[in-house]
Amino acid sequence: MRSFNVAVVGATGAVGEELFRVLEEYNFPISKLVPLASSRSAGSKIEYKNKEYTVLELTPTCFEENEVEIAFFSAGGSVSAEFAKYAVEAGAVVIDNTSHFRMDKNVPLVVPEVNPEDIELWKQTGIIANPNCSTIQMVLSLKPLDELYGIKRVDVSTYQAVSGAGKKGMEELVKQMQDFFAFKLDETEINAFAHQIALNVIPQIDVAQENGFTKEEMKMVKETQKIMHKELQVAATCVRVPVLRSHSESITVTFEDDVVVDVEEVREALARFENVEVIDDLKSNAYPMPIIATDTDITYVGRIRKDVYASNVVHYFNVADQVRVGAATNAVRIALKWIELESDI
């Protein structure tokens, strides 16, 4: 495998920092690493494989000047909207972690374990989109079940960690908890979220839509349908919880009407699927939790049970590290699959 000139846009952000960790752990074939960020962060240092790199300023010409071949974008939708075209024009493939390109009909939206064949569509725009973090871990569990029985409907409630809002979300939870133990919670600052997050749950992530759902919830609906190439009925309720890292999801899957769910078949299908692990022994208090998933590249599934009333319905709990599985690791896996496909041509 030959090595590549790789740029990371948003090098100093939470996902950017995680990207460097994942690239190193996966021994990604890099010949030249180009960390990029805004003028505010340019000049700061990042470390990769025990070597220090200076963060460069993101400019329209930086991709061409550094002969970038693979560009990871993790600096926000407005940055991708403005600068991704310059990376493409310089000959790079862009793997975009923001929501900006996800629903563009000409841009593939990819979870490599689920729809790797879509990567080949990258040549239409030069861009591959990374899905929403909650969508990624959900479709990783839905795909084997759809292959097993055929899914008709999905109802999901998420329990999303504050790191989904970046460093500022994590810092706010920590500061509010410090204020709580100092008996100053009534004076605490609220900036990252609409309400106090410490000792609370907030049943809103992103802005309200006309249909009563939020933008985050509708992302899960539309992205799931695009990734799975199927007009699934999907209803989501997205909730922010006072957990630092790793999202959880309570998922109800309704299969085709004639299906009679066999829970053991469901467990086996999930356990066989790539990068999914079943932890499901309620009597022994064994099930997925954020502290199990954090800093791993696995989507964990448990609490699997057949519905009490409908034979074609199954319920389960799903947990994954959304900074890794839901962002950095999925992006790196896309890049590795892209390299594999390109080398076969």
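Conventions we followed
- Residues numbered from 1 in each chain as written.
- Predicted model: local features only at pLDDT ≥ 70, side-chain atom pairs only at ≥ 80, totals over all residues.
- Heavy atoms only, no water.
- Pairing = 2+ DSSP bridges.
- Helix = DSSP H or I, 4+ residues; strand = E, 2+ residues; numbered from the N terminus.
- Buried < 20%, exposed > 50% of the residue type's maximum accessible area, 1.4 Å probe, protein only.
- Right-handed = clockwise from strand over helix to strand, strands pointing away.

## Let's talk about the pairing of strand β4 (residues 51–54)
The side chains of a regular strand alternate between both faces of the sheet. Taken together, the four bridges between strand β3 (residues 45–48) and β4 define a ladder with antiparallel strand orientation. Considered in β4, the bridge of E47 is made with E52. Connecting β3 to the antiparallel partner β4 that follows it, the hairpin turn spans two residues, and K49 within it adopts a positive phi of roughly 50 degrees.

## Looking at the pairing of strand β1 (residues 4–9)
Counting buried residues in β1 gives six out of six residues, a clear majority hidden from the surface. Side chains F4, V6 and V8 project from β1 onto one buried face, and the interleaved N5, A7 and V9 project onto a second face that is buried too. Alignment of β1 against strand β2 (residues 30–37), held across six bridges, turns out to be parallel. Across the sheet, residue V9 finds its bridge partner in β2, namely L36. In the classification by handedness, the crossover that spans β1, the intervening helix α1 (residues 14–25) and the parallel β2 is right-handed. Pairing geometry for β1 and strand β6 (residues 70–73), over four bridges, is parallel. Bridge pairing in β6 links V8 to F72.

Such coordinate-based values are descriptive only and should not be taken to indicate function.
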